[in-house]
Amino acid sequence: MPAAVDALVAATPYFLPVAIGAACGLIAVCLWKERRSRPREADVWFAPGGHSLRTRLVGSLLALFDEEAGEGRKRHARTAVAQGKKAVAYRLMTSYLLELVHPQDAWHCLVGSKQQNYVKGPFYEGAELIFGREGLTVIRDDAYHTQQRRIVSPAFGTGSLRGMAEDVLADLVRRHVVDALRAAVACPAAGVDVGVIFDHAALAIIQRVAFAVGKAPISRDAAAASSDPSRPPSTDAATVSGISGHFRQIGALVMNHPIAIMPGPIGRILGFFPRRSIRQHRDAILETAANMVRSCRGATDAADTLGSDRKTLAEYLVDTPHLTPEAIAGHGLNFLLAGHETTATTLSWACHLLAKHANIQADLYDELFTLIAPHFAVASNPDALSQDAAPLLNDVISETLRLYPPCLVLIRQAVRDDVLPSGLVLRAGTQVQIPCYSIHHSNAVWGPDADAFRPSRWRDLRQAGRTPPPGAYSPFSLGKRNCIGKDMALLELRCILASVVRHFALSLPTPSREPRRRLGITMRMEEGIRLCVTVRAS
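Residues numbered from 1 in each chain as written. Predicted model: local features only at pLDDT ≥ 70, side-chain atom pairs only at ≥ 80, totals over all residues. Heavy atoms only, no water.

### Concerning the overall build of the chain
A tally of helices and strands in the chain yields 21 helices and 13 strands. For the chain, with 538 residues in total, the buried portion stands at 55%. For the chain, long-range pairs separated by at least 24 residues make up 75% of all intrachain contacts whose partners lie at least 6 apart in sequence. (Helix = DSSP H or I, 4+ residues; strand = E, 2+ residues; numbered from the N terminus. Buried < 20%, exposed > 50% of the residue type's maximum accessible area, 1.4 Å probe, protein only. Contact = heavy atoms within 4.5 Å.)

### Some details on the packing of aromatic side chains
Inspection of the entire model under this criterion finds six aromatic pairs. Measuring from centroid to centroid gives 3.9 Å for Trp 349 and Tyr 404, while their planes differ by 10 degrees, and the two rings are stacked. You can see Trp 349 sitting in helix H15 (residues 325-356) and its partner Tyr 404 sitting in the loop between helix H17 (391-403) and strand E6 (410-414), a full 55 residues away along the chain. Classification of Trp 349 as buried rests on a relative accessible area of 0%. Residues Trp 446 and Trp 458 carry aromatic rings whose centres are separated by 5.6 Å and whose planes lie at 50 degrees to one another, so their mutual orientation is tilted. (Phe/Tyr/Trp six-rings, centres within 6.5 Å; stacked < 30°, edge-to-face > 60°.)

### Things to note about the pattern of salt bridges
A side chain of one charge can pair with a side chain of the opposite charge if their charged atoms are brought near each other. If you walk through the whole model with that rule in mind, you get 20 salt bridges. A salt bridge links Asp 449 to Arg 454; the nearest nitrogen and oxygen atoms lie 2.7 Å apart. The network of salt bridges with common partners includes Glu 399, Arg 402, Asp 449, Arg 454, Arg 457, Arg 459 and Asp 460. (Salt bridge = Lys/Arg side-chain N within 4 Å of Asp/Glu carboxyl O.)

### Describing the sheet that holds strand E5 (residues 192-193)
If you trace the three strands from one edge of the open sheet to the other, you get E5-E13-E10, paired in antiparallel fashion. Edge strands, defined here as strands with exactly one partner in the open sheet, are E5 and strand E10 (504-507). Pairing of E5 with strand E13 (residues 530-535), which is carried by two bridges, proceeds in the antiparallel orientation. Along E13, the bridge assignment pairs Asp 193 with Arg 530. The sheet strands contacting helix H21 (residues 486-503) are E10 and E13, and the helix crosses E10 at an angle near 90 degrees. (Pairing = 2+ DSSP bridges. Axes fitted to C-alpha atoms, helices over the stretch in contact; angles between N-to-C directions.)

Laid out in structure tokens, this is it:
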């Protein structure tokens with residue numbers, strides 16, 4: 001042993017220069033790659049990084065996760081626009097991501113004639129960690145995505161949505177929203193965490209419509225849990241409770257360990273342990289989704305699903321030949337995640353905004369008073385809450401989605417050199433971010449009150465015969481990869497929000513504070529939204 005130590009000490013003078021040379025070479029390569037990928041300073045505004053060692057090493061992109069979701073991006077975008085720049089540049093190790101600040105550039109990448117130049121790149125490795133490798137959200141290959149979208153599209157057609165509203169939606173909203181809120185009001189504590197009720201309701205709806213499960217009514221335990229933060233949420237359907245718990249854990253892991261969803265060695269090494277936990281929760285949801293899909297295989301009683309002869313999403317999947325079990329389970333997982341997160345989060349924000357703006361809530365109640373009878377939870381006719389029948393309801397939803405879009409940012413990779421409408425030159429391989437939140441809050445697009453909740457701005461646009469500029473409004477993405485469940489989500493939002501405002505008065509508790517936004521699976525509230533809920537007299 002001493003001889004080996006002596007030999008190592010003797011060899012140190014020879015190995016040390018080699019190690020120093022290798023380190024210097026690695027640093028030189030990194031600097032060369034960073035310089036090579038650095039965009040022109042005349043075109044972009046370089047976002048400052050944080051002062052921690054982590055952000056200094058990884059880059060300025062990671063510093064965004066230390067702020068409230070969206071605020072850093074919005075501030076940077078406004079600075080870039082004020083300085084006449086075409087994009088914001090964020091450094092990630094030795095490369096840069098360019099965040100577009102002009103709506104026409106976003107439209108060009110997602111919808112324009114050269115949209116085929118922009119594909120889902122390596123940044124969707126983080127999405128695959130959450131959603132798996134199958135499902136419309138994460139499929140990168142355009143041809144395969146088109147094929148899979150064509151398979152599931154019939155489940156989201158106009159006829160299917162109308163049938164859902166007529167057959168099951170009214171009953172689900174009554175049981176899982178109206179009855180749950182009444183039970184919560186009957187056992188008040190420090191207000192009602194409406195997010196818990198909306199979360200369970202959205203899950204119950206997507207499971208009932210997509211998988212024909214979750215018929216049991218919600219119990220008072222779930223409503224009591226929304227008032228008592230020390231109690232875990234519970235419903236009579238064990239699947240809802242289990243899936244909801246896994247969703248919350250995944251969201252918390254992403255919020256607390258954002259480096260885990262970074263692509264490449266950064267996420268794999270520095271985020272190893274959070275990634276392992278995320279996979280465990282994802283696999284548990286994936287197994288539940290697969291079991292629910294399998295339970296629909298061979299079902300012959302159409303009345304046991306959606307009534308009449310309409311199929312559930314699961315039945316469309318299992319009846320499709322050549323669709324692998326992995327693809328079936330992946331689609332199920334995607335629709336469970338995306339199908340409930342968007343609805344539940346948007347409803348929470350909408351109720352919070354209406355509680356803050358009592359005058360708008362009063363106007364909305366007046367509009368809904370004649371549309372929804374007191375003894376009905378919601379109008380079973382989907383046309384009863386259309387834009388023409390209930391304009392303010394739809395404007396409130398549009399304004400909520402503008403202020404708090406479920407998707408904070410969309411990421412694409414340029415596969416060919418291109419020039420955007422703003423004049424920004426992109427080289428092949430450049431990672432491009434379309435910041436939905438920043439563009440939705442752009443003063444240049446929406447005026448000086450872009451941060452204000454003003455549903456009347458949509459009425460003003462209609463009266464002027466105008467629509468938002470192309471690319472300026474994209475809560476469900478744009479183009480051929482937009483959210484396939486958009487119409488279903490909007491139908492749910494209209495029915496649930498109308499039922500809540502028609503039957504309950506919302507107000508802020510005292511004292512109250514603005515919910516802090518954090519990026520989880522979607523942009524969610526860090527500690528939920530607690531509101532004072534009062535049953536209306538009629």
